[in-house]
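Coordinate inspection notes
Listed here are the chains, written in short residue letters.
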Amino acid sequence: GTFRLGLAARDDSSFYGTQNGVFRYLTTAGGTGSNAVIANAPGVSANERLMDYAVFNGVAFLATVETGGTAANRVRIYRETAPGQLDFRAAFTPTFTANANGNGVGSLAWGAFDANTSTASLYAMNTNNGIIKYTVSGVPEPASMAVLGLGLAAFRRRRSVKK
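Attention here is on the structure that accompanies the text. Remember, predicted model here, so these are calculated numbers, not experimental data.

Here we look at the sheet that holds strand S6 (residues 59–66)
Strands sit in the order S5-S6-S7-S8 across an open sheet of four strands; the sheet is antiparallel. Looking at strand neighbours, the two that pair on one side only are strand S5 (48–56) and strand S8 (85–92), the edges of this open sheet. Between one strand axis and the next, the sheet turns by 25° as a mean value, whatever way the strands run. Here strand S7 (residues 75–82) pairs with S8 via seven bridges, running antiparallel. Bridge pairing in S8 places Arg-76 opposite Ala-91.

What follows is the structure, given as structure tokens:
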């Protein structure tokens, strides 16, 4: 039950997960399992459930979406500073009113990375709220980590589907 509300594979032997506002990191590397609470992920919400992990230019990110509460549809982006350690980077709440998602289900997926523009696509499907594509600007190249320190800033959203 530790990962029953959200799960994202990091690699073949480790995962990030969430349940009731607690992020966890699980690794089974070397044949033994370790399940650690991530204490340094500030702002984690009990409704942060949908998640996906991706690496762009050697920098790893975990994105999440809230499925309920007053901030339903809020997207959060964390940078992985080391396996099992996350650093909060940005949050974005769409301007439209979110519909109830009582089951807390949906999907979140990182898409293509464009090295020329330092942008990445992020797709969110929050049940009863449609599909949203975000263009995340400022995804760093290794030499531009200072920009990330100022905040993973610009989000542009295009709403694809609404029920």
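Section: the nonpolar core
Most often, soluble globular proteins have nonpolar side chains that are buried together. If you look at the biggest cluster of nonpolar residues, it comprises 19 residues, and the most contacted ones within it are Phe-56, Phe-61, Ile-77, Leu-108, Trp-110 and Leu-122. When contributions to this core are tallied by element, the ones reaching two or more residues are S5, S6, S7, strand S9 (106–114), strand S10 (119–126) and strand S11 (131–137). Per-element tally for this core: the top contributor is S6, with four residues. Core analysis: the second largest hydrophobic core is formed by eleven residues, Ala-8, Ile-38, Ala-60 and Leu-86 among them.

A look at the sheet that holds strand S2 (residues 14–19)
Reading across from one edge, S1-S2-S3-S4 is the order of the four strands in this open sheet, with antiparallel pairing throughout. Of all strands in the sheet, those with a lone pairing partner are strand S1 (6–11) and strand S4 (34–37), marking the two edges. The sheet shows a mean angle of 20° between the axes of neighbouring strands, taken without regard to direction. By the bridge criterion, six bridges tie S2 to strand S3 (residues 22–27) in an arrangement that is antiparallel. Residue Ser-14 lies in a different strand from S3, and its bridge partner there is Thr-27.

Remarks on unusual backbone geometry
Phi is positive for Ser-118, close to 55°, though the residue is something other than glycine. Looking at the secondary structure, you find Ser-118 in the loop between S9 and S10. On the basis of relative accessibility, which here comes to 16%, the residue Ser-118 falls in the buried class. At Asn-128, a position not held by glycine, the phi torsion is positive, near 75°. Along the chain, the position of Asn-128 falls in the loop between S10 and S11.

Here we look at the pairing of S6
Counting buried positions over the eight residues of S6 gives eight, a clear majority of the element. Residue alternation in S6 divides its side chains into two sets, Val-59, Phe-61, Ala-63 and Val-65 and Ala-60, Leu-62, Thr-64 and Glu-66, and both sets are buried. One ladder, built from eight bridges, connects S5 with S6; its direction is antiparallel. Its bridge partner being in S6, Leu-50 is matched across the sheet by Val-65. Counted along the chain from S5 to the antiparallel partner S6, the turn is two residues long, and its residue Asn-57 has a positive phi close to 50°. Two elements, S6 and S7, share five bridges in a ladder whose sense is antiparallel. Among the inter-strand pairings, Thr-64 is bridged to a residue of S7, identified as Arg-76.

Focus on the pattern of salt bridges
This structure, assessed with the given rule, holds seven salt bridges. Between Asp-11 and Arg-10 there is a salt bridge, with its nearest N and O atoms 2.9 Å apart. Look at Arg-10 and you get partly exposed, because its relative accessible area is 22%. Among the salt bridges present, the one from Glu-80 reaches Arg-10, with a minimum N-O distance of 2.7 Å. One end of the pair, Glu-80, is in strand S7; the other, Arg-10, is in strand S1, and 70 residues separate them in sequence. Classification of Glu-80 as buried rests on a relative accessible area of 11%.

The rules behind these values
Residues numbered from 1 in each chain as written. Predicted model: local features only at pLDDT ≥ 70, side-chain atom pairs only at ≥ 80, totals over all residues. Heavy atoms only, no water. Pairing = 2+ DSSP bridges. Helix = DSSP H or I, 4+ residues; strand = E, 2+ residues; numbered from the N terminus. Axes fitted to C-alpha atoms, helices over the stretch in contact; angles between N-to-C directions. Core = buried A, V, L, I, M, F, W, Y, C linked by side-chain atoms within 4.5 Å. Buried < 20%, exposed > 50% of the residue type's maximum accessible area, 1.4 Å probe, protein only. Salt bridge = Lys/Arg side-chain N within 4 Å of Asp/Glu carboxyl O.

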